[in-house]
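Topology and contacts: notes
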Amino acid sequence: MTENLVIVESPAKAKTIEKFLGKEFTVVSSFGHIRDLSKNKLGIEIEKGFKPVYEVPADKQKVVNELRKLASGAKTVWIASDEDREGEAIAWHLIAVLGLDPSVTRRIVFHEITKEAITRAVELPRQVDMNLVNAQQARRVLDRLVGFEISPVLWKKVQPSLSAGRVQSVAVRLLVDREREIIGFVSDSAFKLSGLFMGTNKEGKNVTLKAECAKKFPGEHEAKTFLDTCSSSAFSVENISVKPGTRSPAPPFTTSTLQQEAYRKLGFSVAQTMSVAQKLYEAGKITYMRTDSTNLSSLALNTAREVITTEYGSKYSRTRQFKTHSKGAQEAHEAIRPTYFDKKDVAGSNNEKKLYELIWRRAIASQMTDAELEKTTITIGMSNSEVTFTAAGEVVLFDGFLRVYSESTDTINSDDEKTILPRVTREMPLIPETITATQRFTSPPPRYTEASLVKKLEELGIGRPSTYAPIISTIQSRGYVAREDRPGEKRDIIQLTLAKSKISRTVKSEVAGKEKSKLFPKDIGIIVNDFLTSNFPDILDYNFTADVEKEFDEIAAGKVEWGKMISEFYMPFHKSVDVSLAIRERMTGARSLGNDPVSGLPVMVKMSKYGPVVQLGEANPDKKPRFANLRRDQLMETITLQEALTLFELPRTIGSFEDSELIVGVGKFGPYVKHSGKFYSLKRGVDDPYTITEERGIELITEKREGEKMKVINDYGDIQVLNGRYGPYITMNKNNYRIPKGSDPQKLTKEDCLSIIEKSGPKKTTKRTKKK
DNA sequence: CAGTGAGCGAGCTTCCGCTTGACTT
């Protein structure tokens, strides 16, 4: 039996700490919270002052049993959960569940996993801070009340299985509000001018300068008039301004900034980033990946300095400590950094290598000197106009941290290219080689990506590092939003070019509104959002979380009693729940679109049991109305009568093949061609169900038949050797079996297959995973 | 694998924040 039992939250942390503490200490982990409000019931006794009813979840029972056993055999139990609201609550629950004596149990905390920090913590044990625990209980109870009282309203008034919550509902609101800004956006255009100027400088060298006109022109006529002015003007260098500048490195990663940069630089989804980071953490290669702190331990600062000095020289080293300024940060951990700065790369999967390198670069760069720049602006003047052209250039005089890292931005702006400018002098004459006026359209505000939504949530203080990825996944799995692409639309842009005193006009085309992997609100998300914003405006307010956080802080400071705070919140809240329950009709978002000009029947759009539909005709006893599903890229809010009518054109017959009809339709899995009972999917981005021809339909059928031939390696009747997504495999009775390494799938006989099947042991009955 | 769209009613769904494994022929 052990003298000292130390309980931390994470098993990887336990492993590290055990090394620092030596033989008399056994370090184990609670794997996070061990107790929570009951899973299926409200778990709050409202009439008893909001008394929480806690229970140990089934999947935590095993951990709890083990901890109990270890604790009863230990002389002293040390609880080293994180020093934040949740960590303090974990400590309190541990004491209660393990039946520990609070007066002898030692609560210790450290913010970094270094030998000094831990030994110092052991010397300064304290007791559990009940004020902090109460702040957590208030947080927990409030979230449960909001989630478990509003969600059932949605089941009754909108659709079953939907959900609402303090965090997810505001996340959806951000997307809906943004979508409406985009819908209401009216694009404007103006002409921007740029010129290519030539001249000879003092050294007798020919130079060229690319410069942008400082003035924009609202229309083609104005642009042309100005180009006429240009053609009769003399140009010269009017002014040269050289300004020094510096650029400083970004702080080391927190969860949110890691998710953003891994998305921008590596194309990782937020869930992917977290799972790769988890691997690196478990392998001891990086510090904890769920953190809101930009703080680095003094050990980290020192080793970073050493590595930078040996690798790049001391003039590249500058030790910095960054202040965390995100709302509601609790700073229980360090920033995300490599455990060992001297390891520039790691073994592991490609993704692990890439993410590790990103973390290494960002952390190292944060400890390096500023980059020194020289920004040059050359102003070009005209003899017959006040309008000027400017050429901007930037030269890096000293690269500093830029040597290892440069941060990416969300907006790609090609006009922003910084170049080195040639040497010129004031009043030097310039001749315009070409001056081009290009029509430029303004863009609506951008749609959110997973990563930019996380950034916005963090700015609003909504959600925590451990929940950003789950929030993104929840709002998608409820069907409120979806990550989608859009091909965009071509539009014409006018370009006027002045060259050799002549103006020519060309019409070019550009693609506008192209989207890749963006979050789009879906109809059900919009309906739920509108219902919630009108019935629960306080909770849907962007500042709701920040406001209640202030109250939680008051509780943590011992100034407010938590039951009182919850009670004050609950009274008006519960009244809103009752009011919303009293609404009679279901929210279907129904909207009339007009009448079908052919039949005269009314056309409407609404949310049906199975998704958004357009409906032709009223429901009456003699005749059922016709229904058609909306396409994935259509919204109930914006669909037009014309678009609705088009949807009724499917399914349609496009011809015949082998004496059977070819019917095109759109089903559960997208557009298809149906032929003698079999379905053939249309190619996304290639085929369009409204225009596809008989010829192309037949092509799809023959292509699929070819593919199926390739799929079968060997066919022994009830046993087949097939080519699958993960390589060759054996299939029998709808069960699949892996082919052992080293055997050639081409040469497997039926007997070989049977022995492989036998060896692989009994198969579980195929589990049907629940949809959604 | 390629439907459905009404209404009845039983029984289920649901929150946020801590943590890691399951699972992938």
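Calculation criteria
Residues numbered from 1 in each chain as written. Chains lettered and ligands numbered in written order. Predicted model: local features only at pLDDT ≥ 70, side-chain atom pairs only at ≥ 80, totals over all residues. Heavy atoms only, no water. Helix = DSSP H or I, 4+ residues; strand = E, 2+ residues; numbered from the N terminus. Buried < 20%, exposed > 50% of the residue type's maximum accessible area, 1.4 Å probe, protein only. Contact = heavy atoms within 4.5 Å. Areas by Shrake-Rupley, 256 points an atom, 1.4 Å probe, with all protein chains shown as cover. Pairing = 2+ DSSP bridges. Expected span 1.5 Å × (residues − 1). Axes fitted to C-alpha atoms, helices over the stretch in contact; angles between N-to-C directions. Lys, Arg positive; Asp, Glu negative; His and termini not counted. Salt bridge = Lys/Arg side-chain N within 4 Å of Asp/Glu carboxyl O. Polar contact = N/O pair within 3.5 Å; in protein donor to acceptor, adjacent residues only side chain to side chain. Core = buried A, V, L, I, M, F, W, Y, C linked by side-chain atoms within 4.5 Å. Parallel < 35°, antiparallel > 145°, perpendicular 65-115°, else oblique. Left-handed = near helix turned anticlockwise from the far one by under 90°. Nonpolar A, V, L, I, M, F, W, Y, C, P; charged D, E, K, R; others polar.

1. Overview of the overall build of chain A
For chain A, the helix and strand inventory stands at 20 helices and 30 strands. A principal-axis box enclosing the C-alpha atoms of chain A has dimensions of 95 × 80 × 70 Å. Counting the 772 residues in chain A, one finds 45% classified as buried. Here the analysis covers contacts within chain A between residues at least 6 apart in sequence; of these, 70% occur between residues at least 24 apart. Of the roughly 41600 Å² of accessible surface on chain A, a fraction of 51% belongs to carbon and sulfur atoms.

2. Points about the pairing of strand 18 (residues 515-521)
Of all seven residues making up strand 18, five are buried, and the element is well covered by its neighbours. Strand direction decides the pairing type here: strand 15 (residues 481-486) and strand 18, joined by five bridges, are antiparallel. Looking at strand 18, one finds that Ala482 is bridged to Phe520.

3. Points about the environment of Pro728
Examined against the element boundaries, Pro728 turns out to sit in strand 29 (residues 727-732). Among residues more than four places away in sequence, those in contact with Pro728 are Ile713, Leu722, Asn723, Ile739 and Pro745.

4. Describing helix 11 (residues 350-365)
Under the 1.5 Å per step criterion, the end-to-end length of helix 11 is 22 Å for 16 residues, consistent within 8% with the ideal 22 Å. Residues Glu352, Leu355, Tyr356, Leu358, Ile359, Trp360, Arg362, Ala363, Ile364 and Ala365 constitute the buried set of helix 11. Tucked into the core, helix 11 has its buried residues touching helix 8 (255-266), helix 9 (270-282) and helix 10 (298-312).

5. Topic: the sheet that holds strand 23 (residues 652-657)
Reading across the sheet, the four strands line up as 23-24-25-26 and stay open at both edges, with antiparallel pairing between neighbours. If you trace the sheet from one side to the other, it starts and ends with strand 23 and strand 26 (678-681), each paired once. The sheet shows a mean angle of 30° between the axes of neighbouring strands, direction not considered.

6. Side note on the side chain of Asp84
The topology assignment puts Asp84 in the loop between strand 7 (76-79) and helix 3 (85-97). One buried charged residue, Asp84, forms no salt bridge at all, with the nearest opposite charge on Arg464 at 4.9 Å. Separated by 2.8 Å, the side chain of Asp84 and the backbone nitrogen of Gly87 make a polar contact. Filtering out sequence-adjacent residues up to four positions away, Asp84 remains in contact with Leu132, Gln330 and Ala332.

7. What about the sheet that holds strand 27 (residues 712-716)?
Taken together, four strands build an open sheet; the order of strands is 27-28-29-30 and the sheet is antiparallel. Here the strands that pair on one side only, and so sit at the sheet edges, are strand 27 and strand 30 (735-738). Adjacent strand axes in the sheet meet at a mean angle of 30°, parallel and antiparallel pairs treated alike. In terms of strand pairing, strand 27 meets strand 28 (residues 719-724) through four bridges, oriented antiparallel. Residue pairing across strands places Asp715 opposite Gln720, the latter belonging to strand 28. The strands touched by helix 19 (residues 694-711) are strand 27, strand 28 and strand 29; relative to strand 27, the strand with the most contacts, the crossing angle is about 70°. Each of strand 27, strand 28, strand 29 and strand 30 touches helix 20 (residues 750-759); the most contacted strand, strand 28, lies at about 80° to it.

8. Brief notes about unusual backbone geometry
Note: most residues except glycine have negative phi, and most peptide bonds are trans. Residues Leu650 and Pro651 are joined by a peptide bond in cis, for which omega reads 0°. Assignment of secondary structure puts Pro651 in the loop between helix 18 (641-647) and strand 23.

9. Some remarks on the nonpolar core
Counting residues in hydrophobic clusters, the biggest one holds 124 residues, and the most contacted among them are Leu355 and Val614. Broken down by element, this core gets its largest block of residues, nine residues, from helix 5 (residues 130-157). Not counting residues within four places of it along the chain, the set of residues in contact with Leu355 comprises Leu258, Ala262, Leu266, Phe268, Thr273, Val276, Ala277 and Leu280. Membership of the second largest hydrophobic core comes to 29 residues, among which are Leu209, Ala223, Phe226 and Ile380.

10. A look at the packing of helix 8 against helix 11
Packed helices, taken two at a time, are described by the angle their axes make and the gap between the axes. Where helix 8 meets helix 11, the closest approach of the two axes is 11 Å, and the angle between their N-to-C directions is 120°. Classified by the interaxial angle, the pair formed by helix 8 and helix 11 is oblique. Viewed along their axes, helix 8 and helix 11 form a crossing whose handedness is right-handed. Where helix 8 abuts helix 11, its residues Thr257, Leu258, Glu261, Ala262, Lys265 and Leu266 lie against Lys354, Leu355, Leu358, Ile359 and Arg362. Residue composition of the contact of helix 8 with helix 11, grouped by class: six nonpolar, one polar and four charged.

11. A closer look at helix 9
In this model helix 9 runs 18 Å from its N-terminal to its C-terminal C-alpha over 13 residues, within 8% of the 18 Å that 1.5 Å per residue would give. When we look at burial in helix 9, the residues that qualify are Val270, Thr273, Met274, Val276, Ala277, Leu280 and Tyr281. Where helix 9 is buried, its residues contact helix 1 (11-21), helix 8, helix 11, helix 12 (450-459) and helix 13 (468-477). Phi turns positive one or two residues past the end of helix 9, at Gly284, with a value near 75°.

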